[in-house]
Amino acid sequence: MLATTGWTAVHRPEGGVAARAAALAAWASARIDGRPVPPADAPVRTVERFFADLDGHQRSRLADGFPLVVGNLDGAPVQTRYRANRNSLEHAERVEQARAKDVALTPADRATAVRRSHRFASLAEAGRQILVFDPTGNGLVAEVFGDLDAAHRVSVVVPGVDTDALTFERTQRRLIAPAGMAQSLYEAQRAAVPGSRTAVIAWVGYTAPTGVNVDAATGRLAVQGAARLEALTFALPGDSAVTLVCHSYGSVVCGVAAHRLPDRVTDLVVAGSPGMRVANAAELHTSARVWAMRDQGDWIADVPHLELGGLGHGADPMSPDFGSRLLASTGAKSHTGYFEPGTASLDNFARIGTGAVASVVCADGSDDCRRANSGGEGH
């Protein structure tokens, strides 16, 4: 069945596009025991109802037969998506291993193939819960820490520039990569509230800018990412409350998405933000509480907070006029240290993510951020 879902496509740098397109084409005409499957872009509730009527064997057949689609299908059961993405990762690893030996490729391309094969092998390890995997281009990945089905509260880490499948995790400087950030937050939540039913998602579900360039200074990729983030928040199982923890350019994505997010998103936290493409928190048009933090040594403070001709991301969320609830980040050490254990930033993320907002530490040591009315009067 994999031969019909695009995996036989010749792999080139753009080959993932062909594989994804072939998978979607195969899915469009697929049936399970005579029953047509829903469109890949069907509403979440439609997909949920379809899978609810299937037994475990039928779900597994779809995950095994159409992994590139099912693994990224909002509304499909998370366990089915985990299985599908493990299938996709194992095959993607084999594809990259073959590319690494292809003498027709440049040495640089073969070296990249080696790195990708190692990354995909790591992500496919037993016990890992991969909610999103698409090898197209630089790749999209999302991983869950905790039991997403049983969670009462879910935190989503939305990272910034230079995040893709290759940089999703790191052996050294682990906590500057999305997987390390999310795992650190999950462990902090478990320590803060032992036995709490929480889950954390490391979400590289959008194409992030590469380096500090024009893409990083505009909202084009943020708009695309916001649509994907919106879909994720609507598709999470159950009725868990959701906190978005948005770092750097990820805060631009969160800002663009804010007005379309469901009410289950109760808190929107930005760290090291270049702006949210609005003049103030009220313009986000969200019922969520809006929190902001920035370490004193964070270079992002020197980025001009303005928007002119499409360049720049608007006002500084740390400005008193913006209206955010300002949080302490003591110990974070520059732009990439917000998820380090022992920092006020990680402690605050954990407290907000577990619902303990009354115990957060404000930026100035007062209690102003705990009683502010920015953004989320309804919560």
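Our subject in this report is the structure included herewith. Note that the structure is predicted; figures quoted are calculated from it, not measured.

### Focus on the pairing of strand 7 (residues 241-247)
Here's step 1: Counting buried residues along strand 7, seven of its seven residues qualify, which places the element largely inside the surrounding structure.
Here's step 2: Of the two faces of strand 7, the one lined by Ala 241, Thr 243, Val 245 and His 247 and the one lined by Val 242, Leu 244 and Cys 246 are each fully buried.
Here's step 3: Pairing geometry for strand 5 (residues 153-158) and strand 7, over six bridges, is parallel. If you follow Val 154 over to strand 7, its bridge partner there is Val 242.

### Side note on the sheet that holds strand 3 (residues 129-134)
Here's step 1: Pairing is mixed across the open sheet formed by eight strands, whose spatial order is 3-4-6-5-7-8-9-10. The sheet is open, and its two edges are formed by strand 3 and strand 10 (325-326), each paired on a single side.
Here's step 2: Pairing analysis gives two bridges linking strand 9 (residues 289-293) to strand 10, with the strands arranged parallel. Opposite Ala 292, over in strand 10, you have Leu 326 as the bridge partner.
Here's step 3: Relative to strand 3, helix 5 (residues 78-100) is tilted by about 55°, and along the sheet it contacts strand 3 and strand 4 (140-146).

### Observations concerning the packing of helix 9 (residues 220-235) against helix 10 (residues 249-257)
Here's step 1: The N-to-C vectors of helix 9 and helix 10 enclose an angle of 65°; their axes lie 8 Å apart at closest approach. Between helix 9 and helix 10 lies a crossing of right-handed hand. Residues Arg 220, Leu 221, Ala 222, Val 223, Gly 225, Ala 226 and Leu 229 of helix 9 pack against Tyr 249, Val 252, Val 253, Cys 254, Val 256 and Ala 257 of helix 10.
Here's step 2: Here the residues of the contact of helix 9 with helix 10 sort into 11 nonpolar, one polar and one charged.

Parameters at a glance
Throughout, a residue's number is its position along its own chain's written sequence, starting from 1. Since the coordinates come from a predicted model, pLDDT governs what is reported: local features require at least 70, and pairs of side-chain atoms require 80 or more to be given and counted, while whole-chain, interface and lining totals use all residues. Just so you know, side-chain values use all the structure's heavy atoms and leave hydrogens and water out. Relative accessible area decides the class of each residue, using a 1.4 Å probe on protein chains only: under 20% of the type maximum gives buried, over 50% gives exposed, and in between gives partly exposed. Each helix is a run of H or I in the DSSP string that is no shorter than four residues. Each strand is a run of E no shorter than two, and both are numbered from the N terminus. Any two strands between which DSSP finds at least two bridges are classified as paired. Contacts were defined at the residue level, with two residues in contact if any of their heavy atoms lie within 4.5 Å. Lines fitted to C-alpha atoms define the axes here, with helix axes fitted over just the stretch in contact, and angles between the N-to-C directions of these axes take values from 0 to 180 degrees. Helix crossings fall into two classes, left-handed where the near helix is turned counterclockwise from the far one by less than a right angle and right-handed where it is turned clockwise. Charged residues are taken to be Asp, Glu, Lys and Arg, nonpolar residues to be Ala, Val, Leu, Ile, Met, Phe, Trp, Tyr, Cys and Pro, and polar residues to be all remaining types, Gly included.

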